[in-house]
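# Chain and residue survey
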Amino acid sequence: MMVSSNQKQNSEPNRFELFLLQDGEKKIEEKVFTGMSNTSDFKILKEDHTLANLLAEHLKQAPHVLMAGYKIAHPNVPEVMIRIQTDGSISPRDALVGACKQLVAMYGQLGREFQKELALRQYADQGEQGQGGGANGGHY
């Protein structure tokens with residue numbers, strides 16, 4: 001028996017459900033962890049190891065963060081849990097917000113530098129093409 005493309009599509013989950021929030025879903029929720037002082041768990045929906053590892057590793061380098069780690073309950077469930085413990089001089093929430101702001105600034109700068117280098121490369125390539133392509137015929 002052949003399965004039509006409509007039947008196949010109906011049996012597969014909607015791929016957008018893996019990264020788009022549904023109505024009423026919150027991107028992030030904080031739950032204070034009572035087992036340790038100055039510790040919170042953050043559940044982040046529609047994310048995976050990429051963001052979780054980046055945040056955890058960046059948080060570990062923060063001066064007031066004593067511990068940061070993450071776990072993913074199941075690979076098919078697009079959510080992560082990040083636990084953060086601070087020394088008490090800042091809250092775990094403030095540590096997470098600070099790490100996010102720093103990462104956004106760092107990757108913004110990286111994006112600007114990349115665009116600048118790309119524009120310079122394109123400008124240089126145009127100059128080589130105008131001069132007959134150079135010794136290697138314009139290829140690298």
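Now for a description of the structure that goes with this document. A quick note: this is a predicted structure, and the numbers were derived from the prediction, not measured.

### Comments concerning unusual backbone geometry
Its identity as a non-glycine residue notwithstanding, Asn38 has a phi of 50 degrees, on the positive side. Among the residues examined, Asn38 registers a relative accessible area of 36% and is labelled partly exposed. Of note, the phi angle at Lys46 is positive, near 60 degrees, even though the residue is not glycine. Counting through the fold element by element, Lys46 comes out in the loop between strand E2 (39–45) and helix H2 (49–60).

### Examining the sheet that holds strand E4 (residues 79–86)
In spatial order, the strands read E1-E2-E4-E3; together these four strands make up an open sheet with antiparallel pairing. The two strands at the open ends of the sheet, each matched to only one other strand, are strand E1 (28–32) and strand E3 (65–71). Averaged over neighbouring strand pairs, the angle between their axes works out to 20 degrees when direction is ignored. Note that E1 and E2 share five bridges and pair antiparallel. Considered in E2, the bridge of Lys31 is made with Asp41. Strand contacts of H2: E2, E3 and E4, with the helix running at about 170 degrees to E3, the strand carrying the most contacts.

### Section: a nonpolar patch on the surface
On the surface, Leu54, Met106, Tyr107 and Leu110 cluster together into a nonpolar patch covering about 370 Å² of accessible area. Among the elements that make up the nonpolar patch, the one with the highest residue count is helix H3 (residues 92–130) (three residues). Checked against the element boundaries, Leu110 lands in helix H3.

### Let's talk about the packing of H2 against H3
As a packed pair, H2 and H3 sit with axes 10 Å apart at the nearest point and diverge in direction by 105 degrees. In this view, H2 runs roughly perpendicular relative to H3, as classed from their interaxial angle. Note on element contacts: H3 touches H2 through Ala95, Leu96, Ala99, Cys100, Gln102, Leu103, Met106 and Tyr107, opposite Leu54, Leu55, His58 and Leu59. The residue inventory of the contact of H2 with H3, partitioned by class, reads ten nonpolar, two polar and no charged.

### A look at the packing of aromatic side chains
Tallied over the entire structure, the rule returns zero aromatic pairs. Stacked on the ring of Phe33, the Lys or Arg Arg83 has its end atom at 3.8 Å from the ring centre.

Definitions and cut-offs
Residues numbered from 1 in each chain as written. Predicted model: local features only at pLDDT ≥ 70, side-chain atom pairs only at ≥ 80, totals over all residues. Heavy atoms only, no water. Buried < 20%, exposed > 50% of the residue type's maximum accessible area, 1.4 Å probe, protein only. Helix = DSSP H or I, 4+ residues; strand = E, 2+ residues; numbered from the N terminus. Pairing = 2+ DSSP bridges. Axes fitted to C-alpha atoms, helices over the stretch in contact; angles between N-to-C directions. Contact = heavy atoms within 4.5 Å. Patch = residues over 30% accessible without salt bridge, like charges linked within 9 Å, V, L, I, M, F, W, Y side chains within 5 Å. Areas by Shrake-Rupley, 256 points an atom, 1.4 Å probe, with all protein chains shown as cover. Salt bridge = Lys/Arg side-chain N within 4 Å of Asp/Glu carboxyl O. Parallel < 35°, antiparallel > 145°, perpendicular 65-115°, else oblique. Nonpolar A, V, L, I, M, F, W, Y, C, P; charged D, E, K, R; others polar. Phe/Tyr/Trp six-rings, centres within 6.5 Å; stacked < 30°, edge-to-face > 60°. Lys NZ or Arg CZ within 6 Å of the ring centre and 35° of its normal.

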